[in-house]
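Observations on chain architecture
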Amino acid sequence: MIVYATGPNKLLPYDIDGMENMARMAAIKSGKAVTRDMRSWYYLQSADPEIVNGLEKSFEYLADVLETQGPFDGIIGFSQGKYKFTLFVAINNQPPTSH
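Here is what the cut-offs are and how they apply
Residues numbered from 1 in each chain as written. Predicted model: local features only at pLDDT ≥ 70, side-chain atom pairs only at ≥ 80, totals over all residues. Heavy atoms only, no water. Helix = DSSP H or I, 4+ residues; strand = E, 2+ residues; numbered from the N terminus. Buried < 20%, exposed > 50% of the residue type's maximum accessible area, 1.4 Å probe, protein only. Contact = heavy atoms within 4.5 Å. Pairing = 2+ DSSP bridges. Phe/Tyr/Trp six-rings, centres within 6.5 Å; stacked < 30°, edge-to-face > 60°. Axes fitted to C-alpha atoms, helices over the stretch in contact; angles between N-to-C directions. Parallel < 35°, antiparallel > 145°, perpendicular 65-115°, else oblique. Nonpolar A, V, L, I, M, F, W, Y, C, P; charged D, E, K, R; others polar. Polar contact = N/O pair within 3.5 Å; in protein donor to acceptor, adjacent residues only side chain to side chain.

1. Let's talk about the overall build of the chain
The helix and strand inventory of the chain stands at 3 helices and 4 strands. Classification of the 99 residues of the chain by burial places 17% in the buried group. Across the chain, the fraction of contacts at a sequence separation of at least 24, relative to all contacts at a separation of at least 6, is 59%.

Encoded structure:
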């Protein structure tokens, strides 16, 4: 079975530099509203200081996918997905610490 997990964070055009203007121009050219379902694993809220949002939601989503649809023989990730899953595995496969 193949499972395609996509980022759980829904983005708006203003979340991506230049996308709002591109969407507006496409709507003008086509004469109708252009809608896209853009998603990400995380997104930048602020560049200075650097503040990233969506990480917790993504971790919860990945944990749910692994629990409800796993186990998996392999993982393929692209762009944010490969970094997000690598970070997820690194955090969740830490050896237990003794107190």
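2. Brief notes about the pairing of strand β4 (residues 50–53)
Relative to β4, strand β3 (residues 43–47) is paired through 4 bridges, and the arrangement is antiparallel. Within β4, the residue paired with Ala 47 across the bridge is Glu 50. Hairpin remark: β3 followed by β4, antiparallel, with 2 residues in the connecting loop.

3. So, the packing of aromatic side chains
Each aromatic ring pair is characterised by the separation of its centres together with the angle its planes make. Under the defined criterion, the tally for this structure stands at 1 aromatic pair. Judged by centre distance (5.9 Å) and plane angle (40°), the ring pair of Trp 41 and Tyr 61 falls under tilted. Within this pair, whereas Trp 41 is found in the loop between β2 (38–40) and β3, its partner Tyr 61 is found in helix α2 (residues 55–69), the two being separated by 20 residues in sequence. Given a relative accessible area of 27%, Tyr 61 falls into the partly exposed group.

4. Section: the packing of α2 against helix α3 (residues 80–92)
Between α2 and α3, the shortest axis-to-axis distance is 11 Å and the interhelical angle comes to 75°. What the angle tells us is that α2 and α3 run roughly perpendicular. For the pair α2 and α3, the contacting residues are Leu 55, Ser 58, Phe 59, Leu 62, Ala 63 and Leu 66 in the first and Lys 84, Phe 85, Leu 87, Phe 88 and Ile 91 in the second. Taken together, the residues of the contact of α2 with α3 sort by class into 9 nonpolar, 1 polar and 1 charged.

5. Some thoughts on the side chain of Ser 40
Here Ser 40 shows up in strand β2. A relative accessible area of 5% means that Ser 40 is categorised as buried. A distance of 3.0 Å separates the side chain of Ser 40 from the backbone oxygen of Tyr 42, its partner in a polar contact.

Shape is all these values report; function is a separate question.
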